[in-house]
Amino acid sequence: MRLYPAVFALLAAVHCEELFNGDQVLRINAESEDHIQILKKLERDVDSGLDFWTHAVSTEQPVDIRVPHSSLYAVKDFLKKNNIPFTVIINNVQERLVREREEMVRNAEMESKTKSFNFAAYHDLETIYNFMDTLANHSKLISKVKIGSTYENRSMYVLKFSTGGEKRPAIWIDAGIHAREWISHATAVWLADRIAKDFKENRAPVPSILSKMDIYLMIVANPDGYVFTHCSSSPLYRFWRKSRSATSNPKCHGVDLNRNWDAEFGGPGASDDPCAEDYRGPSAQSEIEVKNIAKFIMSHGNFKSFMTLHSYMQLLMYPYGYIGIDAPDQSELHDVATKASKALNSWHGTVYKVGSIFHTIDQASGASVDWAYLRGIKYSFAFELRDTGKYGFLLPADQIVSTARETWFALRYIMKYVCDHPY
Ligand SMILES: CC(C)C[C@H](C(=O)O)[C@H](C)S
Ligand SMILES: [Zn+2]
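Keep in mind the model is a prediction, meaning the values are calculated, not measured. (Residues numbered from 1 in each chain as written. Chains lettered and ligands numbered in written order. Predicted model: local features only at pLDDT ≥ 70, side-chain atom pairs only at ≥ 80, totals over all residues. Heavy atoms only, no water.)

A word on the site of ligand 1
The environment of ligand 1 is made up of His178, Glu181, Arg241, Asn258, Arg259, His310, Ile357, Ile361, Ala364, Ala382 and Glu384. Contacts to ligand 1 include Asn258, whose side-chain N or O atom sits 2.8 Å from an oxygen atom. Between ligand 1 and Arg259, the relevant distance is 2.7 Å, taken from an oxygen atom to a side-chain nitrogen or oxygen of the residue. Looking at the shell around ligand 1, its residues break down into four nonpolar, three polar and four charged. (Near = heavy atom within 4 Å. Polar contact = N/O pair within 3.5 Å; in protein donor to acceptor, adjacent residues only side chain to side chain. Nonpolar A, V, L, I, M, F, W, Y, C, P; charged D, E, K, R; others polar.)

Rendered as structure tokens:
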């Protein structure tokens, strides 16, 4: 059987070293402010080897931590000694990873044999870029626009959906600014196909939106990081969040691209430690990936909505992240987000929490949603897709289509609202 490059690469990937054998993901339910402070201190210790999947914010929100097998006993003992309750939500991370990779290999073989594309599967960067070419080549509506290159010199592409006109009012949607949040890329792939199909089949509200506005969809906002999560030699690979740029610390690569925007850059809610998961970078827009997107949006100059897809926790959020005060459009944004979350819920009953970034998830400076809003793009939202922690970043591929479809219900509501409320 002829092995196609994608299959070959994936086969190699299945046999990634046993990097996470015995690792567990603990869900910690802090019961007091003391517990929160202890967990925050633990999170700041970048040498601990603990991979915080969610942050210690309040006793309202659980803290999920991937704990290396070698530290399991010590960490559980520490938590018990501090009377901090926890449960094990992923018993052996490696088992989940091997299953995920084996699924990808089987799917790649099926796709190469049947010349088809399976939306209920995760894909590597090359396959996603080929999918974008196929879409653009088969539809006058869609063009693939290169907006620059990454630190490792990979192309950055946006799919433009337009029925004509010059610099029409536009809607931006990006996914994958955090590399490990694979459900965001997979959802964006499905969305691209859905927008194309709804337009072709004249299914409301896509044709009417596209008669007045353009849609720009960036499926992979952090290509270097995404490639890195497909099993490189590094022990962190599948759970990599950041870019892949060199930093002032030769031991630690990458910047959190969602802390590098010129929006209260350097404020609380980002780290100045290159080894931290939320390292903001040396200066605002220091990262070429952020610079490319910001330049593209600013030079276009007529975006009316900016939406970014992340995972996980099932949240629909709006500005601000950098400060706990209401944005001028707070009540309208809250109303739109609430109605969008209801539309999402109507499909599968998935429940999203709605609120400002600051009050829903944590303080975050240099975030893209604040940057867009502060530049006058009023309808700016961030989605945290499925799930709420059963699988976390390892959401099984059989949830991709239902996640994408329910997200589409919310996005469709917001896009129609933006179109009906020009400003
Ligand atoms: C601040 C928001 C919009 C997203 C958030 C993050 O960037 O940390 C997620 C936890 S990935
Ligand atoms: Zn994210």
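What about the state of the cysteines?
Counted according to the given criterion, the structure contains one disulfide. Covalent S-S linkage joins Cys252 and Cys275, the inter-sulfur distance amounting to 1.9 Å. Judged by the torsion about the S-S bond (90 degrees), the Cys252/Cys275 disulfide is right-handed. Of this pair, Cys252 sits in the loop between α8 (223-228) and α9 (288-300) while Cys275 sits in the loop between α8 and α9; the two residues are 23 residues apart in sequence, bridging distant segments of the chain. (Disulfide = S-S within 2.5 Å. Helix = DSSP H or I, 4+ residues; strand = E, 2+ residues; numbered from the N terminus.)

Notes on the coordination of the zinc ion (ligand 2)
The protein atoms that coordinate the zinc ion (ligand 2) are His178 (ND1), Glu181 (OE), Glu181 (OE) and His310 (ND1), at distances spanning 2.0 to 2.4 Å. Mapping the donors of the zinc ion (ligand 2) onto the primary sequence yields the spacing H-x2-E-x128-H. Of this pair, His178 sits in the loop between β7 (170-175) and α6 (182-200) while His310 sits in strand β9 (residues 303-311), placing them 132 residues apart in sequence. Exposure remark for His178: the relative accessible area of 2% places this residue in the buried category. (Donors = N, O, S within 2.8 Å, 3.2 Å for Na, K, Ca; no water. Buried < 20%, exposed > 50% of the residue type's maximum accessible area, 1.4 Å probe, protein only.)

A closer look at the domain arrangement of the protein chain
As far as domains go, the protein chain holds domain 1 (24-91) and domain 2 (117-420). Just the C-alpha atoms count here: the centres of domain 1 and domain 2 sit 28 Å apart. Counting residues at the interface gives 14 residues for domain 1, matched by 19 residues for domain 2. Interface area for domain 1 against domain 2, summed over the two sides, is near 1400 Å², with a carbon-plus-sulfur share of 53%. The largest share of the area that domain 1 buries against domain 2 comes from Val46, Trp53 and Gln61, three residues that together contribute 37% of it. Linking domain 1 with domain 2 are one salt bridge. Our count for the domain 1 to domain 2 interface comes out at four residue pairs in polar contact (both at pLDDT 80 or more). Those elements that place two or more of their residues in the side of domain 1 that touches domain 2 are β2 (51-52), β3 (63-67) and β4 (86-90). For the side of domain 1 that touches domain 2, the class distribution of residues is seven nonpolar, three polar and four charged. (Domains from an automatic or database assignment. Contact = heavy atoms within 4.5 Å. Buried area = accessible area lost by both parts, 1.4 Å probe. Salt bridge = Lys/Arg side-chain N within 4 Å of Asp/Glu carboxyl O.)

Description of the nonpolar core
Core analysis: the biggest nonpolar cluster contains 71 residues, and Phe161, Ile219, Phe381 and Phe383 have the highest contact counts within it. Not counting residues up to four positions away in its chain, the partners in contact with Phe381 are Phe306, Met307, Thr308, Leu316, Met317, Tyr318, Leu333, Val336, Ala337, Val369 and Ile414. (Core = buried A, V, L, I, M, F, W, Y, C linked by side-chain atoms within 4.5 Å.)

Focus on the sheet that holds strand β1 (residues 24-28)
Within a sheet, neighbouring strands are paired by backbone hydrogen bonds and run either parallel or antiparallel to one another. If you trace the four strands from one edge of the open sheet to the other, you get β2-β3-β1-β4, paired in antiparallel fashion. Two strands close off the open sheet at either side, each with one partner strand: β2 and β4. As defined by bridge partners, β1 adjoins β3 across five bridges and the pair is classed as antiparallel. What sits directly across from Ile28, in β3, is Val63. Here helix α3 (residues 72-81) sits on the sheet and contacts β1, β3 and β4; the angle it forms with β1, its principal contact strand, is near 10 degrees. (Pairing = 2+ DSSP bridges. Axes fitted to C-alpha atoms, helices over the stretch in contact; angles between N-to-C directions.)

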